[in-house]
Amino acid sequence: ETGVTQTPRHLVMGMTNKKSLKCEQHLGHNAMYWYKQSAKKPLELMFVYNFKEQTENNSVPSRFSPECPNSSHLFLHLHTLQPEDSALYLCASSQVNGYEQYFGPGTRLTVT
Amino acid sequence: QQQVKQSPQSLIVQKGGISIINCAYENTAFDYFPWYQQFPGKGPALLIAIRPDVSEKKEGRFTISFNKSAKQFSLHIMDSQPGDSATYFCAASTAGIGGGSNYKLTFGKGTLLTVNP
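All values derive from a computational prediction rather than experimental measurement.

Focus on the overall build of chain A
So, point 1. The number of helices and strands found in chain A is 0 helices and 11 strands.
So, point 2. Walking chain A from its N terminus toward its C terminus, one meets helices and strands in the order β-β-β-β-β-β-β-β-β-β-β.
So, point 3. For chain A, whose C-alpha radius of gyration is 13 Å, the value lies close to the compact-globule estimate of 13 Å for 112 residues.
So, point 4. When its C-alpha atoms are laid out on the principal axes, chain A stretches across 40 × 30 × 30 Å.
So, point 5. A sequence separation of at least 24 residues applies to 53% of the contacts in chain A between residues at least 6 apart.
So, point 6. Entry remark: accessible area of chain A is about 5,100 Å², with carbon and sulfur atoms responsible for 49%.

In structure tokens form, the structure reads like this:
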């Protein structure tokens, strides 16, 4: 595996379900990010982790719960989502003091 | 309040033509301006980036022009090819707050480029 990988690539879940998104980076980076991409809107930064520690929560609702067990892995735990949460969820990584962020392919989430 | 405004929303260009996408920003603290290219089903990929100490950067057929006083920057794609058809995002960043100094990217809404053969 190279770059940033994300699983699953597609997810359909009901509003009462609990699911998790997984991200893994193979670039030796030490910062990881979650973004939300909705149609007709700019990418929205959700969370930032540096060296496994959360350094940014961009006013994200508590139904989204991130977890970063180490610098290579990032999870986004989902529960009781709303239909408006349907979007492409992108993971990215970078060096902590680096400008360049590298994105994974995303998980297309549909909440029914 | 949208901090990075991108235009046009969509663009159709003939093969061999020049594609131009523009962005304007408001925050004078921004100090890094990347462009990302996104194909359907893929995540955004860093295409080219510029710092505000230069007015132009060229990489192959892709050029960023930067106007600090106007707070504008643009992407020019020379000799556009059908394989360039994708969504292009401009972004801007400044160092984050706190330990680690992450560079927080603020994105434009994107431009869907179609290059006709």
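Right, picking up where we left off after that structure.
Section: the nonpolar core
So, point 1. By size, the foremost hydrophobic cluster in this structure holds 24 residues, and its most contacted members are B:F33, B:W35, B:F73, B:L75 and B:Y88.
So, point 2. If you list the elements that add at least two residues to this core, you get β2 (10-14), β3 (19-25), β4 (33-38), β5 (45-50), β7 (62-67), β8 (72-77), β9 (86-95) and β11 (111-116) of chain B.
So, point 3. With 4 residues, the top contributor of residues to this core is β9(B).
So, point 4. Core analysis: the next-biggest nonpolar cluster, separate from the first, contains 22 residues, A:M13, A:C23, A:W34 and A:V60 among them.

Section: the state of the cysteines
What is meant by a disulfide is a covalent connection between two cysteines, made through their sulfur atoms.
So, point 1. This structure, assessed with the given rule, holds 2 disulfides over all chains.
So, point 2. In this model A:C23 forms its disulfide with A:C91; the gap between the sulfur atoms is 1.9 Å. Linking A:C23 and A:C91, the disulfide has an S-S dihedral of approximately -70 degrees and is accordingly described as left-handed. Highlighted residues: A:C23 in strand β3 (residues 18-25) and A:C91 in strand β9 (residues 87-94), separated in sequence by 68 residues.
So, point 3. Overall, A:C23 belongs to the buried group, its relative accessible area being 0%.
So, point 4. The disulfide bridge from B:C23 ends at B:C90, spanning 1.8 Å between sulfur atoms. Disulfide B:C23 to B:C90: torsion about the S-S bond roughly -95 degrees, handedness left-handed. One end of the pair, B:C23, is in strand β3; the other, B:C90, is in strand β9, and 67 residues separate them in sequence.
So, point 5. Among the residues examined, B:C23 registers a relative accessible area of 2% and is labelled buried.

Focus: the interface of chain A and chain B
Accessible area lost on assembly of the parts is the figure often given for the size of an interface.
So, point 1. Facing 25 residues of chain A, the contacting portion of chain B comprises 23 residues.
So, point 2. Carbon and sulfur atoms supply 52% of the area buried between chain A and chain B, which totals about 1,900 Å² over both sides.
So, point 3. At the junction of chain A and chain B, the tally comes to 1 salt bridge.
So, point 4. With a closest N to O distance of 2.9 Å, B:K104 and A:E56 form a salt bridge.

Thoughts on the pairing of strand β2 (residues 10-13) of chain A
All names here are of chain A.
So, point 1. Here β2 shows a clear split, with L11 and M13 buried on one side and none of H10 and V12 buried on the other.
So, point 2. As judged from the 4 bridges shared by β2 and strand β11 (residues 107-111), these two strands associate in the parallel manner. Paired with V12 across the strands is T110, a residue of β11.

Observations regarding the pattern of salt bridges
All names here are of chain B.
So, point 1. Tallied over the full model, the rule gives 6 salt bridges over all chains.
So, point 2. With a shortest N-O distance of 3.6 Å, E59 and K57 are connected by a salt bridge.
So, point 3. R61 serves as the salt-bridge partner of D84, at 2.8 Å between the closest nitrogen and oxygen. Residue D84 is found in the loop between β8 and β9, and its partner R61 is found in the loop between β6 (56-59) and β7; the two are separated by 23 residues along the sequence.
So, point 4. Residue D84 is classed as buried on the basis of its relative accessible area, which comes to 4%.
So, point 5. R61 sits in the partly exposed class, given a relative accessible area of 27%.

Digging into unusual backbone geometry
So, point 1. Look at the link from A:T7 to A:P8: it is a cis peptide, with omega at -10 degrees.
So, point 2. One can find A:P8 in the loop between β1 (4-7) and β2.
So, point 3. Here B:S7 and B:P8 are connected by a cis peptide whose omega angle stands at -5 degrees.
So, point 4. With phi around 45 degrees, B:D79 is a residue other than glycine that occupies positive phi space.
So, point 5. Within the secondary structure layout, B:D79 lies in the loop between β8 and β9.
So, point 6. The class for B:D79 is partly exposed, based on a relative accessible area of 40%.

Criteria and thresholds
Residues numbered from 1 in each chain as written. Chains lettered and ligands numbered in written order. Predicted model: local features only at pLDDT ≥ 70, side-chain atom pairs only at ≥ 80, totals over all residues. Heavy atoms only, no water. Helix = DSSP H or I, 4+ residues; strand = E, 2+ residues; numbered from the N terminus. Rg over C-alpha atoms; globule rule 2.2 N^0.38 Å. Contact = heavy atoms within 4.5 Å. Areas by Shrake-Rupley, 256 points an atom, 1.4 Å probe, with all protein chains shown as cover. Core = buried A, V, L, I, M, F, W, Y, C linked by side-chain atoms within 4.5 Å. Buried < 20%, exposed > 50% of the residue type's maximum accessible area, 1.4 Å probe, protein only. Disulfide = S-S within 2.5 Å. Buried area = accessible area lost by both parts, 1.4 Å probe. Salt bridge = Lys/Arg side-chain N within 4 Å of Asp/Glu carboxyl O. Pairing = 2+ DSSP bridges.

Structural measurements only, silent on function.
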